[in-house]
Amino acid sequence: MKIEKVSEHIWSLRTWMIIPIHVWVVVDDEGVTLVDAGIPSMAKGIMEFIKQLDAGPLQRIILTHGHSDHVGAVKKILAEKEVPVYVHSVEVPYMEGDLPYPRRKKAEQTVAKQIAKPLLEDEQGNLQRIGELSPFLTPGHSPGHVVYYHEKDQVLLAGDLFTSKKGKLHQPMPMFTADMKEAVKSSSIVKQLKPRRLEVCHGNSVSSPADYFDKYIETMEKKYGYNTK
């Protein structure tokens with residue numbers, strides 16, 4: 001597993017399974033937050049790195065969504081360290097196997113029931129900050145897909161909202177994306193937040209992603225023939 005320091009408080013942990021798979025370790029005053037949990041074989045390396053980092057205990061796991069390559073290490077990590085797991089409430093019935101993900105024929109349980117808790121919302125329905133990360137609902141790739149923004153470091157942990165190639169924004173993988181038009185609409189979060197750096201699960205970092213946003217939208221509109229505005 002390859003480890004890279006992304007910013008002052010964030011590390012990227014990467015493995016390969018045909019394509020790269022990233023998860024992120026985020027440090028704050030309370031300890032460590034793990035963003036996404038990759039595939040099962042990553043569990044040992046994730047826990048070893050957190051111990052080596054010596055920045056406090058693992059406090060929680062937060063998920064961008066419930067696809068199997070984002071939750072695979074949850075079971076093994078919880079067997080070693082019992083911590084809460086959070087995901088958007090919309091995502092829960094899909095990852096628990098009660099509903100099939102859109103465009104999938106069968107439901108598939110990727111996380112056992114009662115393990116994942118919904119991210120907290122305020123009275124207006126806005127997702128509340130968790131640790132030093134602000135969640136934003138960005139549906140499309142999956143119904144309850146969420147990205148997490150670290151305001152101090154100006155880093156957006158974008159899960160599968162995008163992939164990336166040669167330091168530029170590219171579309172999420174079509175085969176696994178429930179609603180591409182909705183995913184492209186959700187990508188406007190980049191223009192809203194203007195992060196210094198964007199991290200994706202499948203691909204490398206994108207610096208100043210807002211600079212590439214208009215070109216990305218133009219490309220997607222031409223490719224799919226719809227107006228995303």
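Residues numbered from 1 in each chain as written. Predicted model: local features only at pLDDT ≥ 70, side-chain atom pairs only at ≥ 80, totals over all residues. Heavy atoms only, no water.

Undergrad: What is the right way to read the overall build of the chain from this model?
TA: Looking only at helices and strands, the chain has seven helices and 14 strands in total. Computed over the C-alpha atoms, the radius of gyration of the chain is 16 Å, within 12% of the 17 Å expected from 2.2 N^0.38 for a compact globule of 229 residues. Structurally, the chain occupies a C-alpha span of about 50 × 40 × 40 Å along its principal axes. Here the chain holds 229 residues, and 55% of them are scored as buried. Nonlocal contacts in the chain, meaning residues at least 24 apart in sequence, comprise 60% of its contacts between residues at least 6 apart. (Helix = DSSP H or I, 4+ residues; strand = E, 2+ residues; numbered from the N terminus. Rg over C-alpha atoms; globule rule 2.2 N^0.38 Å. Buried < 20%, exposed > 50% of the residue type's maximum accessible area, 1.4 Å probe, protein only. Contact = heavy atoms within 4.5 Å.)

Undergrad: Help me out: how do you make sense of the sheet that holds strand β10 (residues 155–157) in this one?
TA: As a general point, the strands of a sheet are linked pairwise by backbone hydrogen bonds and lie either parallel or antiparallel. Judged by pairing direction, the sheet is mixed, and its five strands sit side by side in the order β8-β9-β10-β13-β14 without closing on themselves. Where the open sheet ends on each side, the last strands, each with one partner, are β8 (133–137) and β14 (206–207). Bridge analysis of strand β13 (residues 197–199) against β14 gives two bridges, and the strand direction is antiparallel. Considered in β14, the bridge of L198 is made with V206. (Pairing = 2+ DSSP bridges.)

Undergrad: It is not clear to me how the nonpolar core should be interpreted in this structure. Could you clarify?
TA: Across soluble globular proteins, you tend to see nonpolar side chains buried next to one another. Ranked by size, the top nonpolar core spans 50 residues in total, and within it V25, L34, I46, I77 and L157 carry the most contacts. Setting aside anything within four residues of it in sequence, one finds I77 in contact with L34, A43, I46, M47, L58 and I61. Grouped together as the second largest cluster of nonpolar side chains are 19 residues, M180, V206, F213 and M220 included. (Core = buried A, V, L, I, M, F, W, Y, C linked by side-chain atoms within 4.5 Å.)

Undergrad: Whenever I open this one, unusual backbone geometry confuses me. Can you help?
TA: As a rule of thumb, non-glycine residues mostly have phi less than zero, and peptide bonds are mostly trans rather than cis. In this structure, K166 is a non-glycine residue whose phi angle is positive, near 50 degrees. Along the polypeptide, K166 turns up in the loop between β11 (163–165) and β12 (168–170). Positioned with a positive phi, K194 is a non-glycine residue whose angle comes to about 50 degrees. Its location among the elements puts K194 in the loop between α6 (189–193) and β13.

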